[in-house]
Amino acid sequence: MTEETGSGGVTGGTSGGGGGQVRVVLVDDHRMFRTGVQAEIGETARTGVEVVGEAADVDQAVTVITATRPEVVLLDVHLPGGGGVEVLRRCAPLMAAAEDPVRFLALSVSDAAEDVIGVIRGGARGYVTKTITGTDLVDSIFRVQEGDAVFSPRLAGFVLDAFASTDAPPVDEDLDRLTQREREVLRLIARGYAYKEIAKQLFISVKTVESHVSAVLRKLQLSNRHELTRWATARRLV
């Protein structure tokens, strides 16, 4: 993780108020990234953060979160099985618990409007990008545990503007034609994944991937994956 402007350093869980600890579940489909986050924040004696579980897709996430009941979940937006929004939907009862609610902090490479607004509307307490430092991530975790809303600095103004009125943010009619699974396939294609890699990521067959790609191209009136990649990049969906 690289540097991102944020609040001051945190050691020993000092931002948790009284040197407390917070139990965290990591949800991200990239194992190496989870390992990196664990190394950055998981030294409990120093940070006050105890990583009690990990998950790589929606079903695993719901199972682990339900079993461990952490204070905070670090949630990636793009996950096999329906994405972070689906995790939030299925964990809504845990977020609404009168005592010891589970709170979610989105941690994603994406700063696309649809991703940010989607997870915040789904119930996440904040959204930070993967450029955040380990120190600032620990601080954000404790703040979310305490009920604060936390955003990466460059996203804060955008989020405030989006919710300042009753008007919904602009809808991309082309993107709105796609199903959630078609959007997942679109993003992976745009990131350069081969069909076999996409099938493995999403736990579907190569033939199903091909069907989704054909549907996306037809709905967006595009001819090939190169045009699709340019389309997705222009909308900051990658």
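Calculation rules
- Residues numbered from 1 in each chain as written.
- Predicted model: local features only at pLDDT ≥ 70, side-chain atom pairs only at ≥ 80, totals over all residues.
- Heavy atoms only, no water.
- Core = buried A, V, L, I, M, F, W, Y, C linked by side-chain atoms within 4.5 Å.
- Buried < 20%, exposed > 50% of the residue type's maximum accessible area, 1.4 Å probe, protein only.
- Helix = DSSP H or I, 4+ residues; strand = E, 2+ residues; numbered from the N terminus.
- Contact = heavy atoms within 4.5 Å.
- Salt bridge = Lys/Arg side-chain N within 4 Å of Asp/Glu carboxyl O.
- Arc of directions from axis to C-beta.
- Axes fitted to C-alpha atoms, helices over the stretch in contact; angles between N-to-C directions.
- Parallel < 35°, antiparallel > 145°, perpendicular 65-115°, else oblique.
- Nonpolar A, V, L, I, M, F, W, Y, C, P; charged D, E, K, R; others polar.
- Pairing = 2+ DSSP bridges.

A.B. asks: Would you take a moment to explain the nonpolar core for this structure?
C.D. replies: As a rule of thumb, soluble globular proteins bury nonpolar side chains together. Membership of the largest hydrophobic core comes to 26 residues, with the highest contact counts inside it found for Val-27, Ile-65, Val-87 and Phe-104. Among the secondary structure elements, those contributing two or more residues to this core are β1 (22–27), α3 (58–68), β3 (72–75), α4 (83–90), α5 (92–95), β4 (103–108) and α6 (113–122). Among the elements that line this core, the one with the most residues is α3, at 5 residues. Sequence-distant contacts of Val-27, defined by excluding residues within four places in its chain, comprise Ala-55, Ala-61, Ile-65, Val-73, Leu-74, Leu-75, Asp-76 and Leu-79. By size, the runner-up hydrophobic cluster in this structure holds 22 residues, among which are Leu-178, Leu-202, Leu-222 and Ala-232.

A.B. asks: What is the right way to read the pattern of salt bridges from this model?
C.D. replies: Should their charged atoms come close, side chains of opposite charge can pair. Evaluated as defined, the whole model comprises 10 salt bridges. With its nearest N and O atoms 2.9 Å apart, the salt bridge here joins Arg-90 to Asp-59. Here Arg-90 is found in helix α4, whereas its partner Asp-59 is found in helix α3, with 31 residues between them in sequence. For Arg-90, a relative accessible area of 33% gives the class partly exposed. Judged by relative accessible area, Asp-59 falls into the partly exposed class, the value being 47%. Among the ionic pairs, Arg-187 bridges to Asp-115, the shortest N-O distance being 3.2 Å. Taken as a pair, Arg-187 in helix α10 (residues 180–190) and Asp-115 in helix α6 lie far apart in primary sequence, 72 residues in all. Of the residues examined, Arg-187 reaches a relative accessible area of 6% and is grouped as buried. In this structure, a network of salt bridges that share partners links the residues Asp-28, Asp-76 and Lys-130.

A.B. asks: What should I look at first to understand helix α11 (residues 195–202) in this one?
C.D. replies: At 3.6 residues per turn, the α-helix brings residues three or four places apart onto the same side. The complete set of buried residues in α11 reads Ile-198, Ala-199, Gln-201 and Leu-202. Projected down its long axis, α11 carries its buried residues within an arc of 165°, all on one side. Structural note: α11 exposes Lys-196 and Lys-200 on the side pointing more than 90 degrees away from its buried face. Taken together, the buried residues of α11 touch α10 and α12 (206–220). Looking one or two places after α11, you find Phe-203, whose phi comes out positive at around 60°.

A.B. asks: How should I be thinking about the packing of α10 against α12 in this particular structure?
C.D. replies: Packed helices, taken two at a time, are described by the angle their axes make and the gap between the axes. One way to put it is that α10 packs onto α12 with a least axis distance of 9 Å and a crossing angle of 95°. As the angle between them shows, α10 and α12 are arranged roughly perpendicular. Across the interface between the two elements, Arg-181, Glu-182, Val-185, Leu-186 and Ile-189 of α10 pack against Val-209, His-212, Val-213, Ala-215, Val-216 and Lys-219 of α12. Looking at side-chain class alone, the contact of α10 with α12 contains 7 nonpolar, 1 polar and 3 charged residues.

A.B. asks: Before we go on, may I ask you to explain the pairing of β4 in this structure?
C.D. replies: Two faces make up the sheet, and in a regular strand the side chains alternate between them. Of all 6 residues that make up β4, 5 are buried, and the element is covered over most of its length. Sheet topology places β3 next to β4; 4 bridges connect them, and they run parallel. Note on β4: the bridge partner recorded for Val-72 is Arg-103. For β4 and strand β5 (residues 126–129), the ladder comprises 4 bridges, and the chain directions are parallel. Looking at the pairing, Ser-108 lines up with Thr-129 of β5.

In short, geometric facts, not functional conclusions.
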